[in-house]
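# An overview of the molecular structure
Read off the chains here:
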Amino acid sequence: MTLHPSLPFQNRRHLAPFYTPRSVAQALTDWAITGAKTTVLDPSFGGCAFLYASLETLHRKGSPAPATQIYGVDIDPEARPYLEPLLSAGARAEQFITADFFDVSPDHFDGKPLDAVVGNPPYIRYHHIPDKARE
């Protein structure tokens, strides 16, 4: 299955999406996820490579409900369709937020502590980061 959203050209230039190969995402999540109860956040989930890799790693480590332990944020609403397999696996839509990560607080994640943050952070030009977020 190919998990790369097709963005209109103007969004590609502004959002500069780069999707991590699944094998790279898997290697990183295998390292970051230390046990079956680990909760995971991808702060810029895009094509969902790190979310799917997290699901696989948690499953292999013995989690009885790995999809419930995965959270994500992405500014691009066109990334949401790539969440469908996670929702089918037991995740709730509320675990995935469509917003600028700078506008998200820990309260957005069911009040649960997050144990691991995995992902490929987007390149953001410094002058595009709001002053408040830079502070």
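Everything below is about the structure printed above this text.
What counts, and at which threshold
Residues numbered from 1 in each chain as written. Predicted model: local features only at pLDDT ≥ 70, side-chain atom pairs only at ≥ 80, totals over all residues. Heavy atoms only, no water. Buried < 20%, exposed > 50% of the residue type's maximum accessible area, 1.4 Å probe, protein only. Helix = DSSP H or I, 4+ residues; strand = E, 2+ residues; numbered from the N terminus. Arc of directions from axis to C-beta. Contact = heavy atoms within 4.5 Å. Axes fitted to C-alpha atoms, helices over the stretch in contact; angles between N-to-C directions. Parallel < 35°, antiparallel > 145°, perpendicular 65-115°, else oblique. Left-handed = near helix turned anticlockwise from the far one by under 90°. Nonpolar A, V, L, I, M, F, W, Y, C, P; charged D, E, K, R; others polar. Pairing = 2+ DSSP bridges. Right-handed = clockwise from strand over helix to strand, strands pointing away.

### Section: helix H2 (residues 22-32)
Within the span of H2, buried status applies to Ala25, Gln26, Thr29 and Ala32. The arc that holds every buried residue of H2, seen down its axis, measures 135°, which confines them to one face. Exposed residues pointing more than 90 degrees away from the buried face of H2 are listed as Ser23 and Trp31. Buried positions along H2 lie against helix H3 (49-60) and strand S4 (116-117).

### Let's talk about the packing of H2 against H3
One can describe the packing of H2 onto H3 by two numbers: an axis separation of 8 Å at closest approach and a directional angle of 45°. Judged on the interaxial angle alone, H3 and H2 are oblique. As for the relative orientation of H2 and H3, their crossing is right-handed in sense. Every residue of H3 that contacts H2 at Arg22, Ala25, Gln26, Leu28, Thr29 and Asp30 is listed here: Ala49, Phe50, Tyr52, Ala53, Ser54, Glu56, Thr57 and Arg60. For the contact of H2 with H3, a count of residues per class yields six nonpolar, four polar and four charged.

### Some thoughts on the pairing of strand S2 (residues 70-74)
Among the five residues that make up S2, five are buried, leaving the element largely enclosed by the rest of the structure. Burial along S2 is two-sided: the face carrying Ile70, Gly72 and Asp74 and the face carrying Tyr71 and Val73 are both buried. Pairing of strand S1 (residues 40-42) with S2 involves three bridges; the strand directions are parallel. Each residue of the ladder has a partner; that of Val40, found in S2, is Ile70. Handedness of the crossover is the feature at issue here: the chain leaves S1, passes through H3, returns alongside S2, and the resulting connection is right-handed. With three bridges connecting them, S2 and strand S3 (residues 96-98) associate as parallel partners. By the bridge assignment for S3, Gly72 is matched with Phe96.

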